[in-house]
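# Per-entry structural report
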Amino acid sequence: MDDKKIDFTENRTKNCEELMRPEVRPLLDLSLDEKVAKSKEVIKEALAKYPKMGLGFSGGTDSLVLLHLALPLIPKDMPIVFVDTQHEFPETYTFINKIVKDWNIKNFITVKADEDKLEKLIERFGLKTAEFTEICCGYHKIAPMMKVIGDLGLDAFFVGLRGVEHEERAKESFFSQRTNPNHIRVHPLLFWRKPDIMEYVKKYNVECNPVYAKGYTSLGCITCTERNTDPNAHERAGRGAVREEIMKRLRDLGYT
Amino acid sequence: MKNPNLILITIDALRPNHLGFMGCDEKNSPNIDNLAKESVVFKNAFSVGPTTPYSFPSILTSTYPLDYQGPREIKEPRVLISEVLKKEGYATAAFHSSAYLSEYFGYNKGWDFFSDIHFTGGSLKASWLKKIFNRMTISFFPRLFFWSAYLKYRIEGPKNIKVRAPLVNRVVKDYIYSLKGKNQSFFIWIHYMDTHTPPLCYEKNKVCSYAELIGDYAAAAIWSHGNKGALKRLIKKNFKKYLPETLSSYDKAIKYLDKEVGELLNFFKKQNIYQNSIICVTSDHGDEFLEHGGVGHNIQLYNEVLSIPLIIKLPADSSMGISNRTIIKEKVSLIDLAPTLCNLVDVKKDPSFKGKNLFDRREKEENLIFHQSAFSEKEGHRLEIERLDQCRVACQSDSWKYIIDYGGGQEELYNLLDDPNEQKNLAKTNLEILFQMRNKIKKFEKDNPPLSKL
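Residues numbered from 1 in each chain as written. Chains lettered and ligands numbered in written order. Predicted model: local features only at pLDDT ≥ 70, side-chain atom pairs only at ≥ 80, totals over all residues.

A few words now on the sheet that holds strand β4 (residues 156-158) of chain A. Residues and elements named next belong to chain A. Read from one edge to the other, the open sheet built from 6 strands follows the order β3-β2-β1-β4-β6-β5, with strand pairing classed as mixed. The open sheet has two edge strands with one neighbour each: β3 (108-111) and β5 (175-178). Looking at each pair of strands side by side, their axes are set apart by 30° on average, direction ignored. Across 3 bridges, β4 lies against strand β6 (residues 183-186) in parallel orientation. The residue of β6 that forms the bridge with F158 is V186. Helix-sheet contacts for helix α6 (residues 130-151) involve β1 (53-56), β2 (80-83), β3, β4 and β6, and the interaxial angle to β2 is about 155°. (Pairing = 2+ DSSP bridges. Helix = DSSP H or I, 4+ residues; strand = E, 2+ residues; numbered from the N terminus. Axes fitted to C-alpha atoms, helices over the stretch in contact; angles between N-to-C directions. Contact = placed C-beta atoms within 7 Å.)

Let us look at the domain arrangement of chain B. All names here are of chain B. Each domain of chain B was delimited in the assignment, giving domain 1 (5-121 + 158-205 + 249-363) and domain 2 (387-454). Computed from C-alpha coordinates alone, the two centres of domain 1 and domain 2 are separated by 27 Å. With 12 residues of domain 1 at the contact, the number on the domain 2 side is 14 residues. (Domains from an automatic or database assignment.)

Further remarks concern the pairing of strand β1 (residues 5-11) of chain B. All names here are of chain B. Burial of β1 is extensive: 7 of the 7 residues sit out of reach of the surface. Where burial is concerned, the two faces of β1 agree: the one with N5, I7, I9 and I11 and the one with L6, L8 and T10 are both buried. Summarising the sheet, β1 and strand β6 (residues 277-283) pair through 7 bridges and their orientation is parallel. Paired with N5 across the strands is S277, a residue of β6. Across 6 bridges, β1 lies against strand β5 (residues 186-192) in parallel orientation. Looking at β5, one finds that I11 is bridged to Y192. (Buried ≥ 20, exposed ≤ 12 C-beta atoms within 10 Å, placed from the backbone.)

Following this line, the structure appears as structure tokens:
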């Protein structure tokens, strides 16, 4: 993707669907109940395969749905990991605290980088340049996540990734090997579209991060996330072209 | 050429007489004092109302709080200054943590980025229920209330009581970074709560001395429960006893906040924003420390709760007909702030704005400013106002101050030249002035009918 321009229209969803693996693509058209059943199947399979697992929760709706789906199935002491980049929307912190309390999450872990280097990195590389995005995300988001996976000795890690979000994510499988540290990423929502997520939160009355109500459709740090109020735009249109263009490099480092 | 940026900083419950540039000897505010040195300083500025909900309609919409259907919700025909500037192409952002300024009350309009930062996700209704519960506890079991508050404070520390300035600043900085490369003028409004009651022990950050703690909680209790009812004496006694500690805590809160404001101003300098921005610092109201037998701010319309700091730093190369380092001594009201800010950035004020441009130096008629407040028993707060008998209105000139309480019809009249602390009510002895002031209020109310139905 590095040298291609990102299409931020809704066509991008279709393009991503076409890139999805043949065994995953047909699942896109399942009903919500069938999708829930399939995702639970993936979660159970992972739990049976990998003795030590964790789950990533960012405060966004995808990982929220994943957590809601997984909670009845996973052990009570499974670590639920939030990577605090130190530049999240303030509502995200409040929301996460509320979910942890309301859903009675026993083993919630927040990790963050030792130092906040945002200002220095902006000075050095300029905001939203490829270098800045790679190093800033690498330092504030990816490294703390990889470190906690290593420190906890996790064999596998659940994340709320969906294939239609990005061309690089579209190529994923349910179980995906990662290195440094070696572990498996598990993607139970890989075949969910955005409307499925919305239907799920409505059907199960799941409270979402209030930032979405302010016109955001995909959440990142305040510095690099913009509102996306065009109904014809792709769900990640507010995340900026640079991040989307260098996604492969970020994912090689460990990005979801 | 790009319009100048506009940065509005409001500090909740900040009394001007605790600030260095307003003559305070305590070195509470070196950073704000430095900003004042290179700004236009209004030495006699007043808020329209004594509380956040009664002051902010004037600050952000240039209307009086009792206009239309009262301050319950900011909606048409009120227009926020953010809506005006956004229409003119400004990037607009708000950063605050006051429930009274939230989306629930309609303050979210016209902002590209509206950050209402709260620690708890609880609803306002829940917080009022909690207040009612607390009120009952303190009414029947005052010792239990004080000790449970003390224990809660001891266990939790001060960290979760209110949102502190560093978090607000962090979000402001992130937002400013996000604008990089856009070449768009911005209007940001930053509201800090650090100086609001209860003033926390900011100096040591975590550990408070016993005296400070009880001082804080005496203040907190009074703030939460007003000055009415059977506990008035007990609260007053407690407050009187710990007044020095509470005042000291208040000064420490100002010092703490001033440092954070300084840090943010330095950030603006580093980002090359400071020089060419208009920076306005003010407060929504003051606070009472027993001057009229009460504490905090509620329905009173005395000047200790209405007097506020107001400074406006113009861009370095300003050709606006007034220069920084000007001191304006005449009385001014925050009703005029939004039209003034619009004028400074050459944007036409909205027709709904009632104020005038503070820098319009043309000869004026007698300089009069007006204040309004109200109290509602309903739900234990001050917003569901339905009747005029819940309201108070005041008017002040350079020499006189007149207050009328529509509840009981009581009138107060003070000669501000002889009695600036408003201690000697002359309503019964100076009838000529009383009638004059009463007529001025009548005229004001004819022009601005309180609680008029739309």
